[in-house]
Every structure is written in structure tokens, then in C-alpha cells.
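Inside the fold
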Amino acid sequence: MRVSEQDAAQESAAKQTADFLERRQEQIAQRWADAALFRTVFTLSRDEAVEAGKAVVDALSTVAASRRLEDIMAPGFDSVREQLQRMAASLTRTGATAAQIADEVAALRDPVAALLRDEFEDPSGEEAQQCALALAVLMGTLRLVVMETALSSGQELIERQRQQLMEVATPVIQLWESVVAVPLIGTLDSARSQVVMENLLDAIVAQRARYAILDITGVPTVDSLVAQHLMKTVAAARLMGAECLVSGIRPAIAQTIVHLGIDLGTVVTHATLADALAYALRQQGVAVSGGTPGGASLR
């Protein structure tokens, strides 16, 4: 077959496939409603699965009519991309892997292929084979679209979980009237320091705090980057009208700060959280006397 004839045959097959999908939309959707991809997501109502299947079939028909069978960015997919993303996200939350999702999409092909064969008197003829090939390419592209949305949903889920973990890992605690503290544990990177700053400033406003304590007892190391983040947080707290104290300066950290030449001269520092709290209370006229080792008592 010459190139021009082959192109014409492929275009004809694409058009026939589009017409077939449009005519058999209801039947295909009914069969897909029982497939794992739809059954896992639409567990409450089969009608919802059927409607979702119709939307996907309609999108495939539009893509086939446009002759862009291998293009995952074909406009026909736009109408169902969000729906496919929700489905992929739902499967991801149930623990399904990317390979499992891909297999479930691939399983959608057989019911459609069976209906397509019924369209021809001779399923082994040239015309039937061309349409079967067009359908195979189209379903392969759908598989790629679903995988793309699944990966996107997975990344978004990971990012949301990371943000939630950072917020949980940086709580702001009210220690006393007008005194709040943030106990930091683990590495303080740029993203986490931003969360710390935002949470602390919100707490200063909400609690009308005059003193904010950053406790770094749980921070394993302090380098120039961590010190820079601390200084930015201290400066932001001051702009909000609160004095920011840094506690948890262990001997090893103190030596590191000196060796690095980091200047914390403008920051009030204390060895322990208890010392920082005692300082904040004294500054407010609350009498504090020595108590248990590393602690203080009020009087």
C-alpha cells in the first residue's frame, strides 16, 4: 500500500472508530461500569460509573474524529482530564500503584474491541483491522493520559502531606500570658522556616504575645543557613512587636556558631527553654526563683 493510500486508510479508520464510539457509547459505558477502574471509584452508585464512562467514551470519540490518536494533549481529552485525575487520585489513596492503575486502564480495551468486531461482517478483513489498530492506539493514549494524571495527583498528595507534616512538626505553644514558644525538632530548611515564621507571626497576633521563644534543643546542627533562617524569624517577630528569644544553645552548637563566625549578638539566647521562659516572665515583672535543676519556680 502506498503512503497516500495508507494515510487515507488510517484517516478513514479514525473516522469510523469515532462514529463507532459515538453510536455505542451507552453499551461501552455499561460494560466499563463493571471494570475495576470505575468500580473502585464509584462504589455507591453504578449510575455514576456509567455516566463517567460515557464522558470518557465521548472524549475518545472526539479525539478519534480529530485524527490525533496518539496525542495526549488533544483537546478532546480536556473535558475528562479533571475527572480522570479524580479517579486516579482516588485509586492512589487506596494504595494502588502506578502499574496497577495502568493495568486497569488497559483492561478497558477488550470490551470495546469486542463490540468493534461485531461492526464488521469479516472481523479479519483489512477495514476491520485498520479500525482495530486505531482503537488500540487510542486506548494506549488514554492509558498515558491516566498515568500522567495519576502521577500529577500523587505529587500533589505528597506535597499536601509534606506541608501538613511541617505544620504539625512546628507547633506554637502558649507558655504563659503573652509568651509563646516554638519547639523546633529536626532540620530547619527554607520551606520549613517559612512555615515556622508564618505560624509564629499568626500566634503573636492571636495571643498578643510580647515574647516569642524559638527552642532549638531538637535541632541537630546549626550552620550558616539555619542561623540565617533564625535571624529572619527573629526580625519578623520584632516587626510584630514581640521580642524573640532563642533557647536550646548546647555547648556543641555554641562552639559551631563561634567557629562559623555567626553573629547572634542582637539576639537574646538561653541554654534551656526554662531559662528563656524565666527571662520573659522577669521582664514582665513576674518574680521567678531557682527551682529544680534546669528549671525555675514562681513566687
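Remember, it's a predicted structure, so these values are computed and weren't measured experimentally.

**Quick look at the pattern of salt bridges**
A side chain with one charge can pair with a side chain of the opposite charge if their charged atoms come near. Counting across every chain of the model gives nine salt bridges. A salt bridge links R24 to E119, with the shortest nitrogen-to-oxygen separation between them at 3.0 Å. In this pair, R24 sits in the loop between α1 (3–23) and α2 (25–32) while E119 sits in the loop between α7 (109–117) and α8 (126–168), placing the two residues 95 residues apart along the sequence. Between E26 and K54 there is a salt bridge; the shortest N-O distance is 2.7 Å. Of the two residues, E26 sits in helix α2 while K54 sits in helix α4 (residues 46–65), which places them 28 residues apart along the sequence. A relative accessible area of 35% means that E26 is categorised as partly exposed.

**Topic: the packing of aromatic side chains**
Applying the stated rule across the entire model yields one aromatic pair. Their ring planes at 15° and their centres at 6.0 Å tell us that W32 and F38 sit as a pair that is stacked. Assigned by exposure class, W32 and F38 land together as buried.

**Topic: the environment of A64**
Along the chain, A64 falls in helix α4. On the accessibility criterion, A64 (0% relative accessible area) is buried. Sequence spacing of A64 and D19 is 45 residues, and the spatial spacing of their C-alpha atoms is 8.8 Å. Not counting residues up to four positions away in its chain, the partners in contact with A64 are A14, A18, L69 and L138.

**Digging into the layout of surface pockets**
For the largest pocket, the calculated volume is near 210 Å³. As for the largest pocket, its lining consists of Q10, E11, A13, A14, R67, R68, L69, E70, Q130, L133, A134 and V137. If you list the elements that add at least two residues to the lining of the largest pocket, you get α1 and α8. Residues of the lining of the largest pocket, tallied by class, amount to six nonpolar, two polar and four charged.

**So, unusual backbone geometry**
In this model, R67 sits at a positive phi of 65°, which is unusual for a non-glycine residue. Looking at where R67 falls in the secondary structure, it is placed in the loop between α4 and α5 (78–93). Positive phi values are uncommon outside glycine, yet R208 reaches one of about 50°. When you line up the elements, R208 lands in the loop between α9 (190–207) and β3 (211–218).

**Quick notes on the side chain of S61**
Tracing the sequence through the fold places S61 in helix α4. In this structure S61 comes out as buried when scored by relative accessible area, which is 8%. Beyond its immediate chain neighbours, meaning those up to four positions away, S61 contacts A18, L21 and E22.

**Some remarks on the confidence of the model for the protein**
Confidence in the prediction for the protein averages 83 pLDDT; 88% of positions are at 70 or higher. No element of the protein has a lower mean pLDDT than strand β7 (residues 296–298), at 46, and none a higher one than α2, at 94. The low-confidence segment residues 291–299 (pLDDT under 50) makes 19 contacts with residues lying over four places distant or belonging to another chain.

**Focus on α9**
Taking 1.5 Å of rise per residue, 18 residues should cover 26 Å, and α9 covers 25 Å from first to last C-alpha, within 8% of that figure. Of all the positions in α9, only R192, S193, V195, V196, M197, L200, L201, A203 and I204 are classed as buried. R208, located one to two residues past α9, shows a positive phi value of around 50°.

Criteria and thresholds
Residues numbered from 1 in each chain as written. Predicted model: local features only at pLDDT ≥ 70, side-chain atom pairs only at ≥ 80, totals over all residues. Heavy atoms only, no water. Salt bridge = Lys/Arg side-chain N within 4 Å of Asp/Glu carboxyl O. Helix = DSSP H or I, 4+ residues; strand = E, 2+ residues; numbered from the N terminus. Buried < 20%, exposed > 50% of the residue type's maximum accessible area, 1.4 Å probe, protein only. Phe/Tyr/Trp six-rings, centres within 6.5 Å; stacked < 30°, edge-to-face > 60°. Contact = heavy atoms within 4.5 Å. 1 Å grid on protein atoms, 1.4 Å probe; cavity = no way out; pocket = protein on both sides within 12 Å on 5 of 7 lines; lining within 4 Å. Points joined across faces, edges and corners; volume = space filled by probe spheres on them. Nonpolar A, V, L, I, M, F, W, Y, C, P; charged D, E, K, R; others polar. pLDDT = per-residue confidence, 0-100. Expected span 1.5 Å × (residues − 1).

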